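# Working through the structure, step by step
What follows is each chain in one-letter form.
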Amino acid sequence: MFRSFFSYLAKAAWARNIVANWSFAWKMASRFVAGQTLADGIQVIKSLNDLGINATLDHLGENTDSPEKARRAAMDIVQAFEGIETAGVRANVSIKLTQIGMGISSELCLENLKLILEKARSYNSFVRIDMEDSTVTQKTLDMLFTARQLGYENVGIVIQAYLYRSEEDLHKLLGDCFKIRLCKGAYTESSHLAFPKMKDIDANYDRCASLLIDASLANDCPRVSADGKIPPVSGLATHDSKRIDFAKQYAQKMGLPRDAMEFQMLNGIRKELQEQLVKEGYRVRVYVPYGTEWYPYFMRRIAERPADLWFLLPR
Ligand code: FDA
């Protein structure tokens, strides 16, 4: 119930207008968000890199409602690549297609995506396309396949274990050797489309994680690149210790080297576990969001753990 309420708030313009102007809301959000500028994002990445952790940088924004704003967002993402390069940090970039115009037109979105992929290519870097709610799942996958047909190899996608369709999607993507980030899924979806019970989502997560590990082995186990930009096939994005333990055990049983997969987590969540995994010899990548459009991202984090509101409130 709380999850649906906060997911609703994440999309409600009236709530955004109120909450985004509260200074204490920003204070709470800054547990998860690096800051409002690119320099803030880079600073956080430097600290992560010092701990042996790679990053993926996200210029926050979604559901952009004009071509001008979509273009500006694409240019900001291009700047994010420049910032990474200038600072020499170990990071790639994550984007959302609705931020760069998918809700306006596919042509506009593709044009902006190409701009971003070209920039990434010029730096031998990589773009991860985040997965948004189920109204855009197919469009997002179509855009990914179009990018691949146009010759861009430096792009990967996210698969959400809560969707019934995900196992089938994975089979198609892994056949084409795409790099995948597997997560549980952060939006509120109907039970026609997604497993309503966490135990089923968890079981599907483990099933999909096994498929990723099998595919990594079948493809000669591509490793994380030394500069931290190019991820392996298997990106396991979760803070759930049971899912992580399952993946570790399955990978070990099958003989997948530790640097041929990576665990991914969100900035500000389970930092001690991130460091522990690095000590054990695993690759870890942290998702570092920055920018002024932090409201929906923050609300999704609260929806995942409403109890956090209490701990985050200023006293
Ligand atoms: P789960 O929610 O079961 O949490 C497991 C444990 O993690 C909790 O018991 C707690 O200890 C800790 N934890 C989780 N959330 C916490 C929080 N907010 N505060 C404190 N502790 C917390 N989703 C999506 O739909 N599309 C996407 O593109 C992405 N991208 C993405 C990238 C990366 C790197 C990560 C880690 C996650 C995403 N997600 C996402 C979000 C994902 O779908 C999911 O909503 C969250 O990761 C929470 O799910 P867990 O797997 O962590 O499990």
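This text goes with the structure placed above it.
Each chain carries its own residue numbering, running from 1 in the written order of its sequence. Residue-level local features of this predicted model are given only where pLDDT is at least 70; pairs of side-chain atoms are given and counted only at 80 or more, and the full residue set underlies all totals for whole chains, interfaces and linings. Side-chain metrics in this entry use all non-hydrogen atoms of the structure; hydrogen atoms and water are not considered.

### So, the sheet that holds strand 5 (residues 180–183)
This is how it is decided: For two strands to be treated as a pair, DSSP must find no fewer than two bridges joining them. Elements are defined by DSSP. Helices are runs of H or I of four residues or more, strands are runs of E of two residues or more, and each kind is numbered from the N terminus. Inter-axis angles, ranging from 0 to 180 degrees, are taken between N-to-C directions of lines fitted to C-alpha atoms, where helices are fitted over the stretch in contact. Any pair of residues with heavy atoms lying within 4.5 Å of one another is described as a contacting pair.
One closed barrel holds the eight strands; their spatial order is 1-2-3-4-5-6-7-8, and the pairing between them is parallel. The average angle at which neighbouring strand axes cross in this sheet is 30 degrees, direction not considered. Relative to strand 3 (residues 127–129), strand 2 (residues 91–95) runs parallel, the two being bridged by three bridges. Within the sheet, the bridge partner assigned to isoleucine 95 lies in strand 3 and is isoleucine 129. Packing of helix 8 (residues 166–175) onto the sheet brings it into contact with strand 4 (155–160) and strand 5, and relative to strand 4 it is tilted by some 160 degrees. Contacts from helix 11 (residues 271–279) reach strand 7 (261–266) and strand 8 (283–290), with the element oriented near 165 degrees to strand 7.

### What to know about the environment of aspartate 50
Topologically, aspartate 50 is positioned in helix 4 (residues 38–50). Spatially, the C-alpha atom of aspartate 50 lies 9.8 Å from that of valine 89, the residues being 39 residues apart in sequence.

### Digging into the site of the ligand
Here is the rule: Throughout, near means a residue has at least one heavy atom within 4 Å of the molecule or strand. Definition of a polar contact: a pair of N or O atoms within 3.5 Å, with one able to donate and the other able to accept a hydrogen when the atoms are protein atoms, and with sequence-neighbouring residues admitted only if both atoms are side-chain atoms. Accessible surface is estimated by sampling points in the Shrake-Rupley manner with a 1.4 Å probe; for residues, cover comes only from the protein chains shown. For cavity detection a 1 Å grid was placed over the protein atoms alone, and a set of points counts as a cavity when a 1.4 Å probe fits there but cannot get out; an open set counts as a pocket when protein lies on both sides within 12 Å along at least five of seven lines, with lining residues being those that have an atom within 4 Å of a point. The way we define it, a molecule is inside a pocket or cavity when more than half of its atoms are within 2 Å of that pocket's grid points. The classification used treats Ala, Val, Leu, Ile, Met, Phe, Trp, Tyr, Cys and Pro as nonpolar, Asp, Glu, Lys and Arg as charged, and all other residues, Gly among them, as polar.
In the neighbourhood of the ligand, 26 residues make up the surrounding shell, with Met131, Gly185, Thr238, His239 and Glu304 lying closest. The contact in question runs from an oxygen atom of the ligand to an N or O atom on the backbone of alanine 186, over 2.9 Å. Here an oxygen atom of the ligand sits 2.7 Å away from a polar atom, N or O, in the side chain of histidine 239. Protein burial of the ligand: of its 930 Å² of free accessible surface, 87% is covered by the chains. According to the grid-proximity analysis, the pocket containing the ligand is the largest pocket. When residues of the shell around the ligand are traced back to their parent elements, those giving at least two are strand 4, strand 5, strand 7 and helix 12 (295–304). By residue number, the principal contributor to the shell around the ligand is strand 7, which donates three residues. Partitioned by chemical class, the residues of the shell around the ligand number eleven nonpolar, five polar and ten charged.

All we've got here are geometric facts, nothing functional implied.
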